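# Structural features, examined
Below are the chains, spelled out letter by letter.
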Amino acid sequence: MKMTFRWYGQDDPVSLAYIRQIPEMSGIVSAVYDVPAGEVWPDASILAIKKAANDNGLEFEVVESVPVPEEIKMGKPERDRQIDNYCETIRRLGKAGVKVVCYNFMPVFDWFRSDLARTLPDGSNALAYDNTAVQKLDPTSADMSLPGWDESYTKAEIKQLLDDYKAIDADKLWENFAYFINRVVPACEESGVKMAIHPDDPPWNLFGLPRIITGCDSYARMTSINPSLANSITLCFGSLGADPNNDIKTIARDFGDRIHFAHARNVKWTGDHSFEEAPHPSRCGSLDMYGILKALHDAGFDGYIRPDHGRMIWSETGRAGYGLYDRALGAMYLLGIWEALERG
């Protein structure tokens, strides 16, 4: 297992100089952020990230993410050119030494929260999702923004996208996913890159949009579409764990050979379709973090892992969910469990 850390580039308040000081940190997870979705990433941009990481004693072997354009998700005519570009980006990443590409197939919105800074009893603050608040939101008029989102859409464009998606149900989205992954897998196999899909976050339909990567049945359907191990999984504990019906330990055991990347975070259920993000240890939230890691270990997991969203603690400010201190604590917690599992 390799411990990694999400890094948003030179503008990230958390510097590579700080990340390298976290014990047992092998590398960073990053991306090229200034190229529109559907266009080819320049070699120079990819190599600049690699050089910055290497100069700080870190590897750059995981990308998160190469965005999938809405035209691909909707099956529009432009998708063939965009998939060709996607494949070329994969080839360039493989040539640069990247082993895993984390991506998602969520329509319009990436991961979604209703609160970026809910105050917790200990005085820290964390991301949270309150279903009642979300149901009252109008995505065509509200000012909504989260780290990692494509913020190039205007409100008018979001409205148009939502209108376009009215003709696309879950089965159609699955059909478009199959078209995409079957075209991309050969480029992955030739380049030594694994495509590791991230589950939908939260794992239920949002604003009338279908979401298809939501649990065990989703992974069974996904892997039946293309049997290649390049068609793989990012196991996100918190995304899947937002739904109490998801047995993440069973998913880890049943799909272990397909899990090449893991996002480890805890969540605390606060109501129906509602949760807040919690410190990493099991007793701080609703997930059995030890049990999930043990299931991964028993399944032979030898991929990349990173501490996912952290709280803001010790007066830290910065990108919501992506501060230094709590994620560093999370990395140490995860590494401690893994060492114990390795020693038996």
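Attention here is on the structure that accompanies the text. (Residues numbered from 1 in each chain as written. Predicted model: local features only at pLDDT ≥ 70, side-chain atom pairs only at ≥ 80, totals over all residues. Heavy atoms only, no water.)

This next bit is on a nonpolar patch on the surface. A grouping of Trp314, Tyr325 and Leu329 is seen on the molecular surface, where their side chains present a nonpolar patch of about 340 Å² in accessible area. By secondary structure assignment, the location of tyrosine 325 is in helix α12 (residues 325-343). Owing to a relative accessible area of 33%, tyrosine 325 belongs among the partly exposed residues under this scheme. (Patch = residues over 30% accessible without salt bridge, like charges linked within 9 Å, V, L, I, M, F, W, Y side chains within 5 Å. Areas by Shrake-Rupley, 256 points an atom, 1.4 Å probe, with all protein chains shown as cover. Salt bridge = Lys/Arg side-chain N within 4 Å of Asp/Glu carboxyl O. Helix = DSSP H or I, 4+ residues; strand = E, 2+ residues; numbered from the N terminus. Buried < 20%, exposed > 50% of the residue type's maximum accessible area, 1.4 Å probe, protein only.)

Attention now goes to the sheet that holds strand β12 (residues 304-307). Taken together, eight strands build a closed barrel; the order of strands is β1-β2-β3-β4-β7-β8-β9-β12 and the barrel is parallel. Pairwise comparison of adjacent strand axes, ignoring direction, gives a mean angle of 30 degrees for this sheet. Of the pairings in the sheet, the one linking strand β7 (residues 194-197) to strand β8 (residues 231-236) comprises three bridges and is parallel in character. Looking across to β8, one finds that alanine 196 is bridged to serine 232. (Pairing = 2+ DSSP bridges. Axes fitted to C-alpha atoms, helices over the stretch in contact; angles between N-to-C directions.)

Inspection of the entire model under this criterion finds 29 salt bridges. The salt bridge partner of glutamate 59 is lysine 2, with a shortest N-O separation of 3.0 Å. With glutamate 59 in strand β3 (residues 59-64) and lysine 2 in strand β1 (residues 2-6), this residue pair connects regions lying 57 residues apart in the sequence. Residue glutamate 59 is classed as partly exposed on the basis of its relative accessible area of 29%. A residue is classified by how much of its surface remains accessible, and lysine 2, at 29% relative accessible area, is partly exposed. The salt bridge involving glutamate 61 is made with lysine 2; its shortest N-O contact spans 3.2 Å.

It is worth spelling out the sheet that holds strand β5 (residues 115-119) at this point. As summarised here, the arrangement of the four strands in space is β5-β6-β11-β10, forming an open sheet in which the pairing is antiparallel. The strands lining the two open edges of the sheet, one partner per strand, are β5 and β10 (266-271). Neighbour-to-neighbour, the strand axes of the sheet open up by a mean angle of 40 degrees, direction not taken into account.

In this section: the environment of valine 32. For valine 32, the position within the fold is in the loop between β2 (25-30) and α2 (43-55). Placed 105 residues apart in sequence, valine 32 and leucine 137 show a C-alpha to C-alpha distance of 31 Å. The residues contacting valine 32, other than those within four sequence positions of it, are Trp41, Ser45, Ile46 and Ile49. (Contact = heavy atoms within 4.5 Å.)

Shape descriptors only; they carry no functional weight alone.
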